[in-house]
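Reading the structure
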Amino acid sequence: MRVVSLVPSASETLLGWGIEPVAVTRFCELGDRYPTVGGTKDPDIASIVALGPDVVVMCDQENRLPDAQALMAARVAVHSVSITSVDHVESIRTKLLTLPGHTVVHTGHGDSTTIGAE
């Protein structure tokens, strides 16, 4: 799975789950190990799209809605996390890691697709 993380804490969590991000923000402590794609408030949308990620992880408290909308307009899947307690971490892991390939995704823009096709 090709994941771009625009949330520094999510980058660390992804690694803990065995998922190596293809890119992170310049604020992630992992920036010396992975390519960076701007900051949390000013991500480089073109660079992210060029990486061809399966999903971009964002956070409603950290990232901007216009950036999420720009990624979705470019047909990039976005998963927005909203962690307000430790209990939410496992539910996010379940959502990100257990979608079967035939799961239909209604993106809110353009045609529906499946996880397997993305």
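On a predicted model such as this, the values are computed, not experimentally measured, just so you know.

What counts, and where the lines are drawn
Residues numbered from 1 in each chain as written. Predicted model: local features only at pLDDT ≥ 70, side-chain atom pairs only at ≥ 80, totals over all residues. Heavy atoms only, no water. Pairing = 2+ DSSP bridges. Helix = DSSP H or I, 4+ residues; strand = E, 2+ residues; numbered from the N terminus. Axes fitted to C-alpha atoms, helices over the stretch in contact; angles between N-to-C directions. Salt bridge = Lys/Arg side-chain N within 4 Å of Asp/Glu carboxyl O. Buried < 20%, exposed > 50% of the residue type's maximum accessible area, 1.4 Å probe, protein only. Right-handed = clockwise from strand over helix to strand, strands pointing away. Core = buried A, V, L, I, M, F, W, Y, C linked by side-chain atoms within 4.5 Å. Contact = heavy atoms within 4.5 Å.

**Structural notes on the sheet that holds strand β3 (residues 78–81)**
With respect to topology, three strands assemble into an open sheet ordered β1-β2-β3, the strand pairing being parallel. In this open sheet, the two strands that pair with only one neighbour each are β1 (3–5) and β3. Across the sheet, the axes of successive neighbouring strands diverge by a mean angle of 25°, strand direction being ignored. Both β1 and strand β2 (residues 55–59) contribute to a ladder of three bridges, which runs parallel.

**Concerning the pattern of salt bridges**
Counted according to the given criterion, the structure contains two salt bridges. A salt bridge links Asp 42 to Arg 26, with the shortest nitrogen-to-oxygen separation between them at 3.1 Å. Taken as a pair, Asp 42 in the loop between α1 (8–16) and α2 (45–51) and Arg 26 in the loop between α1 and α2 lie far apart in primary sequence, 16 residues in all. The class of Asp 42 is partly exposed, set by a relative accessible area of 42%.

**Examining the environment of Leu 30**
Residue placement: Leu 30 occurs in the loop between α1 and α2. Separated by 18 residues in the primary sequence, Leu 30 and Glu 12 place their C-alpha atoms 8.0 Å from one another.

**Comments concerning the pairing of β3**
Only one face of β3 is buried, namely the one carrying His 79 and Val 81, since none of Val 78 and Ser 80 on the opposite face is buried. Taken together, the four bridges between β2 and β3 define a ladder with parallel strand orientation. By the bridge assignment for β3, Cys 59 is matched with Val 81. Each parallel crossover has a hand, and for β2 linked through helix α3 (residues 65–73) to β3 it is right-handed.

**Observations regarding unusual backbone geometry**
A negative phi angle is the norm for most residues apart from glycine, just as the trans form is the norm for most peptide bonds. Unusually for a residue other than glycine, Arg 75 sits at a positive phi of about 65°. In this structure, Arg 75 sits in the loop between α3 and β3.

**A word on the nonpolar core**
In this structure, Val 4, Leu 6, Val 22, Ala 23, Val 37, Ile 45, Ile 48, Val 56, Met 58, Ala 68, Leu 71 and Val 76 together form the largest nonpolar core, which totals 12 residues. Setting aside residues no more than four positions away along its own chain, Val 37 makes contact with Val 4, Leu 6, Ala 23, Val 24, Pro 43, Asp 44, Ser 47, Ile 48 and Leu 51. Core analysis: the next-biggest nonpolar cluster, separate from the first, contains nine residues, Val 3, Ala 10, Leu 14 and Val 81 among them.

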